[in-house]
Amino acid sequence: MSLQLRVHVPPHPLIQHWLGVARDASTPPPIFKSAMKELGRWLTYEAIRDWLPTEEIMVQTPLAPCSATMVNPDVPLVVVPILRAGLALLDGAQSLLPLASIYHLGLVRNEETLEVSCYLNKLPERLNPQTRVLITDPMLATGGSIMMAIAELTQRGIDPALTRIISVVAAPPALQKLGANYPNLTVYTAMIDEGLNSKGYIVPGLGDAGDRSFGT
Ligand code: PRP
Ligand code: URA
């Protein structure tokens, strides 16, 4: 098994298009929210390609018996949206994974210190170690939030090798922390940006993803 963080930037025209819409400061909140939903959908589509478990069964077509590859409903699937902004990606992710359990995690950065605190944790005490987890968080900036999210999951038995993160914009500090601590994780992001400004915002980024998604 590879022990190097895998970061995929899918070269998909719809991902690029909706990223451009989200980046544009003149995009109003309802359109920003739609862009996030589309990014959630297409990033999930890419992320689950070799992750969603399947099984071979026989079906009967109108003409003959035939083998079919189906989604295996017995392998546990979980989506963890990091509130608030991760909720905007959830709609698109959930449309592709209707059988997944959704466990909300509310994390917020202190605007001055950038320290992360948890205000809502709906994760169960233990999770089956075979569970596939998809984390939705549009911004990976300093990495404080995603590191806390993964710590909460691994404490409950989750295997990082079965965990995927979808983000819209990822910055090097977050990717470095993830790579150093969880080398067998996989990240799907629409873009890797240059870095952070003095307030911990990704540059060029797209601004405050939570405020822009919810018009606050
Ligand atoms: C944003 C974003 C990420 C986090 C990333 O959340 O949604 O969760 O910042 O930053 P980090 O990598 O430096 O931790 P925020 O704390 O602004 O809360 P919100 O989603 O409610 O706006
Ligand atoms: N959170 C955001 O919403 N935007 C950033 O650029 C960084 C963290």
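Bear in mind the structure is a predicted one, so any value in this text is a computation, not a measurement.

Visitor: Is there a simple way to explain the overall build of the chain in this structure?
Guide: Summing up its helical and strand segments, the chain has six helices and 13 strands in all. By principal-axis analysis of the C-alpha atoms, the chain measures approximately 65 × 40 × 30 Å. Expressed as a percentage of the 216 residues in the chain, the buried residues total 47%. For the chain, the share of sequence-separated contacts (at least 6 apart) that also reach a separation of at least 24 residues comes to 67%. For the chain, the computed accessible surface area is about 10,500 Å², with 55% contributed by carbon and sulfur atoms.

Visitor: Sorry, what's going on with a nonpolar patch on the surface here?
Guide: A grouping of Val 9, Met 191 and Ile 192 is seen on the molecular surface, where their side chains present a nonpolar patch of about 210 Å² in accessible area. Positionally, Ile 192 belongs in strand E11 (residues 186–192). According to the relative accessible area criterion, Ile 192 is partly exposed, its value standing at 39%.

Visitor: How should I be thinking about the site of ligand 2 in this particular structure?
Guide: Taken together, the neighbourhood of ligand 2 is formed by Arg 109, Met 139, Ala 141, Gly 200, Tyr 201, Ile 202, Gly 207, Asp 208 and Ala 209. For ligand 2, an oxygen atom lies 2.8 Å from a polar atom in the backbone of Ile 202. Note that an oxygen atom of ligand 2 is positioned 2.9 Å from one of the backbone N or O atoms of Ala 209. Contact with the protein chains removes 89% of the 240 Å² of surface that ligand 2 exposes when unbound. Because more than half of its atoms lie within 2 Å of the grid, ligand 2 is assigned to the largest pocket. Per-class residue counts for the shell around ligand 2 are five nonpolar, two polar and two charged.

Visitor: Got a minute to help me understand the site of ligand 1 in this structure?
Guide: In the vicinity of ligand 1 lie 16 residues, with Arg 84, Arg 109, Asp 137, Thr 142 and Ser 145 positioned nearest. One of the side-chain N or O atoms of Ser 145 is found 2.6 Å from an oxygen atom in ligand 1. In the complex, 92% of the free accessible area of ligand 1, which totals 500 Å², lies under the protein chains. Taken atom by atom, the bulk of ligand 1 overlaps the largest pocket. Going through the elements one at a time, strand E6 (105–109), strand E9 (139–140) and helix H4 (144–155) are the ones with two or more residues in the shell around ligand 1. Top element by residues in the shell around ligand 1 is E6. It accounts for three residues. Looking at the shell around ligand 1 residue by residue, the class counts come to seven nonpolar, five polar and four charged.

Visitor: What exactly am I supposed to notice about the packing of aromatic side chains here?
Guide: Where two aromatic rings form a pair, the distance of their centres and the angle of their planes describe that pair. Overall, the coordinates contain one aromatic pair when judged by the stated rule. With centroids separated by 5.9 Å and ring planes inclined at 75°, the aromatic side chains of Trp 42 and Tyr 45 adopt a geometry described as edge-to-face. You can see Trp 42 and its partner Tyr 45 sitting in helix H2 (residues 29–47), three residues apart, about one turn around the helix. Since its relative accessible area comes to 22%, Trp 42 is described here as partly exposed. Its guanidinium or amino end placed over the ring of Tyr 201, Arg 109 lies 5.6 Å from that ring's centre, counting from NZ or CZ.

Parameters at a glance
- Residues numbered from 1 in each chain as written.
- Chains lettered and ligands numbered in written order.
- Predicted model: local features only at pLDDT ≥ 70, side-chain atom pairs only at ≥ 80, totals over all residues.
- Heavy atoms only, no water.
- Helix = DSSP H or I, 4+ residues; strand = E, 2+ residues; numbered from the N terminus.
- Buried < 20%, exposed > 50% of the residue type's maximum accessible area, 1.4 Å probe, protein only.
- Contact = heavy atoms within 4.5 Å.
- Areas by Shrake-Rupley, 256 points an atom, 1.4 Å probe, with all protein chains shown as cover.
- Patch = residues over 30% accessible without salt bridge, like charges linked within 9 Å, V, L, I, M, F, W, Y side chains within 5 Å.
- Salt bridge = Lys/Arg side-chain N within 4 Å of Asp/Glu carboxyl O.
- Near = heavy atom within 4 Å.
- Polar contact = N/O pair within 3.5 Å; in protein donor to acceptor, adjacent residues only side chain to side chain.
- 1 Å grid on protein atoms, 1.4 Å probe; cavity = no way out; pocket = protein on both sides within 12 Å on 5 of 7 lines; lining within 4 Å.
- Sits in = over half its atoms within 2 Å of the grid points.
- Nonpolar A, V, L, I, M, F, W, Y, C, P; charged D, E, K, R; others polar.
- Phe/Tyr/Trp six-rings, centres within 6.5 Å; stacked < 30°, edge-to-face > 60°.
- Lys NZ or Arg CZ within 6 Å of the ring centre and 35° of its normal.

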